[in-house]
Amino acid sequence: MNVKVVLGVALAAVVLMVALIIGGGVYLYRAFKSSSQVLSQTVDELLTAANNGTFEQTYRTHTTLKFRDVTSLEEYRQLGEAIRTRLGRLQSKKLTGLYFRQFNATRYADASYQARFEKGPATIHVRFRKRGDKWLVETFRVQSPRLRPELPGGTCPACGKDYPKGAKFCPSCGQSLPSEDESAKGKAERARDSGEPPTESHEASPAPASGDSSDKGH
Ligand SMILES: [Zn+2]
């Protein structure tokens, strides 16, 4: 009789614990999912604002004091302009990383996205800081080849790496480079002076290298 009671209580305790663990898990998952949606929407708002010319207005509403300490309104405006002119509108983005942390009473979230814009792909890293019930942007980084300050000036004839516009020497191998005028002139002259067709290449129509192919078709 006593044994039955003890077993019953133990079973009830186990059932309760399992229920709590599952319930807690579901609760945490829901909290995680709803936070990740809020963060994602915030990023969308910023990118839309950049393309609508209202990016400057999000400086006060979407960023933390610390962000504004490091990034002036002018720098922020330039970021929005770069997004608009070099990337264009967001077409899709995928969450690739999301980490929540807590320091003292402050919650942070680091979110990374792989994004596709009209003009090319980009990786977006945002650190959010929770203030009240809002997540504000503490750092905002958009990485894309499209956002490089200078597009390549050309390809080095010695090592084949790209060098920046206006470079006098190749940054990869030190080869001295022709100035832009000479380079353009040189190309034109080479094209005109060469008697042979320029398209003839070593890769074109390789001859059968092995004797096996001669056996076919007989
Ligand atoms: Zn080089």
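Details of the structure are given in the entry above.
Criteria and cut-off values
- Residues numbered from 1 in each chain as written.
- Predicted model: local features only at pLDDT ≥ 70, side-chain atom pairs only at ≥ 80, totals over all residues.
- Helix = DSSP H or I, 4+ residues; strand = E, 2+ residues; numbered from the N terminus.
- Buried ≥ 20, exposed ≤ 12 C-beta atoms within 10 Å, placed from the backbone.
- Expected span 1.5 Å × (residues − 1).
- Arc of directions from axis to C-beta.
- Contact = placed C-beta atoms within 7 Å.
- Pairing = 2+ DSSP bridges.
- Axes fitted to C-alpha atoms, helices over the stretch in contact; angles between N-to-C directions.

Caption draft 1: The arrangement of the overall build of the protein in detail. What the protein contains, in helices and strands, is five helices and six strands. Beginning at the N terminus, the succession of helices and strands in the protein can be written as α-α-α-α-β-β-β-β-β-β-α. Looking at the protein as a whole, 13% of its 218 residues are labelled buried.

Caption draft 2: How the structure looks around unusual backbone geometry. In this structure, N104 takes a positive phi of about 55° despite not being glycine. Here N104 lies in the loop between β1 (90–103) and β2 (106–117). On the neighbour-count criterion, N104 (5 C-beta atoms within 10 Å) is exposed.

Caption draft 3: Fine view of helix α4 (residues 73–87). Between its terminal C-alpha atoms α4 stretches 20 Å, which fits the 21 Å expected from 15 residues at 1.5 Å a residue. Among the residues of α4, G80, I83 and L87 are the ones counted as buried. Mapping the buried residues of α4 onto a view down its axis gives an arc of 85°, with all of them on the same face. Facing away from the buried surface of α4 by more than 90 degrees, the exposed residues are E74, E75 and T85. Those residues of α4 hidden inside the fold are in contact with α1 (2–52), β2, β3 (120–131) and β4 (134–143). Positive phi appears at G88, one or two residues downstream of α4, with a value of about 80°.

Caption draft 4: Representation of the sheet that holds β4. A sheet is described by the order of its strands in space; here four strands give the open sequence β1-β2-β3-β4, paired in antiparallel fashion. The outermost strands of the open sheet, each flanked by one partner alone, are β1 and β4. Strand-to-strand twist of the sheet, defined as the mean angle between neighbouring strand axes without regard to direction, takes the value 20°. Here 10 bridges tie β2 to β3, and the two strands are oriented antiparallel to one another. When the sheet's bridge partners are listed, R116 is paired in β3 with P121. Sitting on the sheet, α1 touches β1, β2, β3 and β4, and the angle it makes with β1 is about 125°.

Caption draft 5: Here's a closer look at the pairing of β1. For β1, the buried fraction is low: one of the 14 residues fall into the buried class. When β1 meets β2, the two strands line up antiparallel, connected through 12 bridges. Directly across from R101, in β2, lies its bridge partner Y108. Hairpin remark: β1 followed by β2, antiparallel, with two residues in the connecting loop; positive phi at N104, about 55°.

Caption draft 6: Here's a closer look at the environment of Y76. Tracing the backbone shows Y76 in helix α4. Along the sequence, Y76 and F55 sit 21 residues apart, while their C-alpha atoms lie 8.0 Å from each other. In this structure, Y76 is in contact with E56, Y59 and T71, ignoring residues within four places of it in sequence.

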